[in-house]
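Secondary and tertiary structure notes
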Amino acid sequence: MCTTCGCGSGEVKIEGHEHHHDHDHGDGHEHTHADGTKHAHAHSHSHAYTPARSHAPGVSATRMVQIEQDILSKNNAYAAQNRKNLAARGIFTLNLVSSPGSGKTTLLCKTIELIKGRQRVAVIEGDQQTSQDAERIRATGAPAIQINTGKGCHLDAHMVGHAMEKLELPENSLLMVENVGNLVCPAAFDLGEAHKVVILSVTEGEDKPIKYPDMFRAARLMLLNKCDLLPYLDFSVPKAIEFARQVNPEIVVIEVSAKSGAGMTAWLDWIAQEQEQARQA
Ligand SMILES: Nc1nc2c(ncn2[C@@H]2O[C@H](COP(=O)(O)OP(=O)(O)OP(=O)(O)O)[C@@H](O)[C@H]2O)c(=O)[nH]1
Ligand SMILES: [Mg+2]
Ligand SMILES: [Zn+2]
Ligand SMILES: [Zn+2]
């Protein structure tokens, strides 16, 4: 996770959200919004956000482990709160994770296009910089909000909780979260989602599940995207599935092409089925 990979938690920006977290305030330190008002959220929390620092001089290995545990346990508390808020309104949430460029946004646009007649969908977008992905989603007619993580390499449950406050989320709708493109750190951060969905595109090589096992272990479903390109590549679908099942025997795999639309029905059926299970639970 981030104390190991060395990525910092720089300034986070959420569209339409005016308070800046520099994440340097310690335990119990209440922060103030840009307009001078005190911080007040629907989910009440103290902003105890320990900055991720790797190889900090004078910090022992034991202390680093403790910092990591602190970050994750605070994240888990925010995630539990998000999950509770979402469940209370019957909102089914998926957390889309992958390396950069696997086709998450393209897949989301296609999914919204196909699903919007029967289901309301909203999207939270995560990138280090730019609002391009949120704009692509809004062009489909679905509401979207962009989180820019600055130097951060993953979304966390605190950011997502704020974005949820800003988004129009009707009851019984579908919330899709596109995480920052990164096959490592987002695996460790629960956002309050029902499931993580990992997207592996066929241009990345079939060995990614065994090279980045945490992510494939954390995911319930693997979408094998860009299958339209298979005729031009040496990518072996059976090998990729074998590697994914090696780290996660339970993982469901669906072959899709966000470009041609192949496999999209199976993906929509999976969403509907998981949504129904969540509703009953
Ligand atoms: N051939 C093909 N290209 C695709 C497919 N899906 C996405 N792409 C292309 O892949 C590139 C990256 O797609 P994006 O949807 O931006 O990928 P992303 O995962 O959202 O990227 P980041 O947000 O930057 O991590 C674009 O040029 C897409 O047109 C697909 O199914 N087939
Ligand atoms: Mg994207
Ligand atoms: Zn990281
Ligand atoms: Zn906050």
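Residues numbered from 1 in each chain as written. Chains lettered and ligands numbered in written order. Predicted model: local features only at pLDDT ≥ 70, side-chain atom pairs only at ≥ 80, totals over all residues. Heavy atoms only, no water.

It should be kept in mind that the predicted coordinates are not to be read in detail where pLDDT is low. Looking at the chain, pLDDT values average 88 and 83% of them are 70 or higher. Below pLDDT 50 for its whole length, residues 22-40 participates in 39 contacts with residues either more than four positions away or in separate chains. Every residue in residues 46-54 scores below 50 in pLDDT, and together they form 43 contacts with partners more than four places removed in sequence or on other chains. (pLDDT = per-residue confidence, 0-100. Contact = heavy atoms within 4.5 Å.)

Turning to helix α8 (residues 237-247), its buried residues number three or more, namely Val237, Ala240, Ile241, Phe243, Ala244 and Val247. Looking straight down α8, one finds its buried side chains confined to an arc of 160 degrees; they lie on one side. With respect to the buried face of α8, the exposed residues turned more than 90 degrees away are Pro238 and Gln246. Tucked into the core, α8 has its buried residues touching α6 (208-211), α7 (213-218), β8 (219-225) and β9 (252-255). For α8, the N-terminal cap is Ser236; the gap from its side-chain oxygen to the backbone nitrogen of Lys239 is 3.1 Å. (Buried < 20%, exposed > 50% of the residue type's maximum accessible area, 1.4 Å probe, protein only. Helix = DSSP H or I, 4+ residues; strand = E, 2+ residues; numbered from the N terminus. Arc of directions from axis to C-beta. Polar contact = N/O pair within 3.5 Å; in protein donor to acceptor, adjacent residues only side chain to side chain.)

Another aspect to go through is the coordination of the magnesium ion (ligand 2). In the first shell of the magnesium ion (ligand 2), the protein supplies Thr105 (OG1), Asp133 (OD) and Glu178 (OE), at 2.0 to 2.1 Å from the metal. Residue classification places Thr105 among the buried residues on the basis of a relative accessible area of 4%. On the basis of relative accessibility, which here comes to 11%, the residue Asp133 falls in the buried class. (Donors = N, O, S within 2.8 Å, 3.2 Å for Na, K, Ca; no water.)

Looking now at the site of ligand 1. Ligand 1 sits among 18 residues. The nearest are Lys104, Thr105, Thr106, Glu178 and Asp228. At a separation of 2.8 Å, an oxygen atom of ligand 1 approaches a polar side-chain atom of Lys104. Contacts to ligand 1 include Thr105, whose side-chain N or O atom sits 2.8 Å from an oxygen atom. Protein chains shield 71% of the accessible area of ligand 1, which is 650 Å² for the free molecule. Listed by contribution, the elements that provide at least two residues to the shell around ligand 1 are α3 (104-115) and α4 (132-138). Here the shell around ligand 1 gets 3 residues from one element, more than from any other, and that element is α3. Partitioned by chemical class, the residues of the shell around ligand 1 number 3 nonpolar, 7 polar and 8 charged. (Near = heavy atom within 4 Å. Areas by Shrake-Rupley, 256 points an atom, 1.4 Å probe, with all protein chains shown as cover. Nonpolar A, V, L, I, M, F, W, Y, C, P; charged D, E, K, R; others polar.)

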